[in-house]
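Examination of the molecular architecture
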Amino acid sequence: MVRAVPERDAACAIAQAAAVIGDWWSLLLVREAARGHHRFDGLQEELGISRKVLAERLAHLVDSGVLEKVPYQTGPVRHEYRLTPTGRALLPVLVSMQDWADRWLLGDGTLTASAGDDSAEARRMAALPGTRVPSLTLPAHTGEDLDPVAGATVLFCYPATGRPSPLPDGWSDIPGTVGCTLENRLFRDAYADFTAAGVAVRGVSTQRPDEQREFAAVEGIPFPLLSDMDLRLSAALRLPTFRAGQALRLKRAVLVVDRDRVVRQVQFPVTDIPGAVAAALEAGASAAGEVRG
């Protein structure tokens, strides 16, 4: 049941937030909406929730301004439940919770930008092929908002580049952080091959677009660098993160997505960056070739 905030906590923002999203089902409904599941039956199937409880929680989130009902058919009228700006502002909260649990509950507490092959993060990423990337846009270093998927697409996620801003103290001591500039350069150098194969390339980090813009100019990056600073893509795909310099950073991963937005291949953890670029080109060319065929 959704609880009212007691008078003694009326001025407590934590208590007010807990009254809206502190319930188990409410949090998971925000998670599923971020993942692209918007319809009643689909939400029920994903969560295994009773129809009565689902209807109650959806009504609560709509009344709280977290979700909005959007009609998708008439006769009879049926609605989808989509995140409002208020709801999307909760995505960093969800990703922070995921990051905390990956490290402290499902992991051993080690700060790392990588993961073991048998980790919960690796299992979650291994389950991505066959799922769809929800429709969304991210700010690009070019100054526009772009869809991460542009036909057959390779999305490579990386923690952060050192240019233009200094990286946090101890950055190179965190396993998996080193190699972001190298990775961008390798994709840059192979960009003509990706283009010839009909494959788009997108780099993704949580750095700001202006930081990415300066890096792209210095390094001559020919493809868009997308900023997931609001963690929309991270929440949509439940991408692994780590916290460094008081910011959440993406762990290195490479995804190949087809023109129908279906994830075809995932590489995570990435320990061989040149090998990951080569494998992405092969998988991307295969996805693009099937489109052409």
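Look above for the structure.
Residues numbered from 1 in each chain as written. Predicted model: local features only at pLDDT ≥ 70, side-chain atom pairs only at ≥ 80, totals over all residues. Heavy atoms only, no water.

Looking now at the overall build of the chain. Counting its secondary structure elements, the chain contains 12 helices and 11 strands. Relative to the globule expectation of 19 Å for 293 residues, the C-alpha radius of gyration of the chain, 20 Å, shows essentially globular dimensions. Over its C-alpha atoms, taken along the principal directions, the chain stretches across nearly 60 × 50 × 40 Å. Considering only contacts within the chain whose residues lie at least 6 apart along the sequence, 63% involve residues at least 24 apart. Split by element, the accessible area of the chain, about 14000 Å² in all, is 51% carbon and sulfur. Within the chain, the 36 negative side-chain charges are centred at a point lying 4 Å from the centre of the 32 positive side-chain charges. (Helix = DSSP H or I, 4+ residues; strand = E, 2+ residues; numbered from the N terminus. Rg over C-alpha atoms; globule rule 2.2 N^0.38 Å. Contact = heavy atoms within 4.5 Å. Areas by Shrake-Rupley, 256 points an atom, 1.4 Å probe, with all protein chains shown as cover. Lys, Arg positive; Asp, Glu negative; His and termini not counted. Charge placed at Lys NZ, Arg CZ, Asp CG, Glu CD.)

What follows deals with the pairing of strand 2 (residues 78-83). Note: strand 1 (residues 67-73) against strand 2, six bridges, orientation antiparallel. Counterpart to proline 71 in the pairing with strand 2 is histidine 79. Hairpin connection between strand 1 and strand 2: a loop of four residues separates the two successive antiparallel strands, and glycine 75 in this loop has a positive phi of roughly 65°. (Pairing = 2+ DSSP bridges.)

Relative to each other, helix 2 (residues 24-34) and helix 3 (residues 40-47) sit at 115°, their axes nearing to 11 Å. Once helix 2 is placed against helix 3, the crossing between them reads as right-handed. Between helix 2, through Trp25, Leu28, Leu29, Arg31 and Glu32, and helix 3, the contact on the second element is made entirely by Leu43, Glu46 and Leu47. Class assignment for the residues of the contact of helix 2 with helix 3 results in five nonpolar, no polar and three charged. (Axes fitted to C-alpha atoms, helices over the stretch in contact; angles between N-to-C directions. Left-handed = near helix turned anticlockwise from the far one by under 90°. Nonpolar A, V, L, I, M, F, W, Y, C, P; charged D, E, K, R; others polar.)

By secondary structure assignment, the location of arginine 208 is in the loop between strand 6 (200-205) and helix 10 (209-219). For arginine 208, a relative accessible area of 42% puts it in the partly exposed group. When residues no more than four places from it in sequence are discounted, the contact partners of arginine 208 are Ser227 and Met229. At 2.9 Å, the side chain of arginine 208 and the side chain of aspartate 210 are in polar contact. (Buried < 20%, exposed > 50% of the residue type's maximum accessible area, 1.4 Å probe, protein only. Polar contact = N/O pair within 3.5 Å; in protein donor to acceptor, adjacent residues only side chain to side chain.)

A few words now on unusual backbone geometry. Here the residue pair glycine 75 and proline 76 is connected by a cis peptide bond, since its omega of -5° sits within 30 degrees of zero. By secondary structure assignment, the location of proline 76 is in the loop between strand 1 and strand 2. Proline 164 follows arginine 163 through a cis peptide bond whose omega is 10°. One non-glycine residue, leucine 231, adopts positive backbone phi at about 65°.

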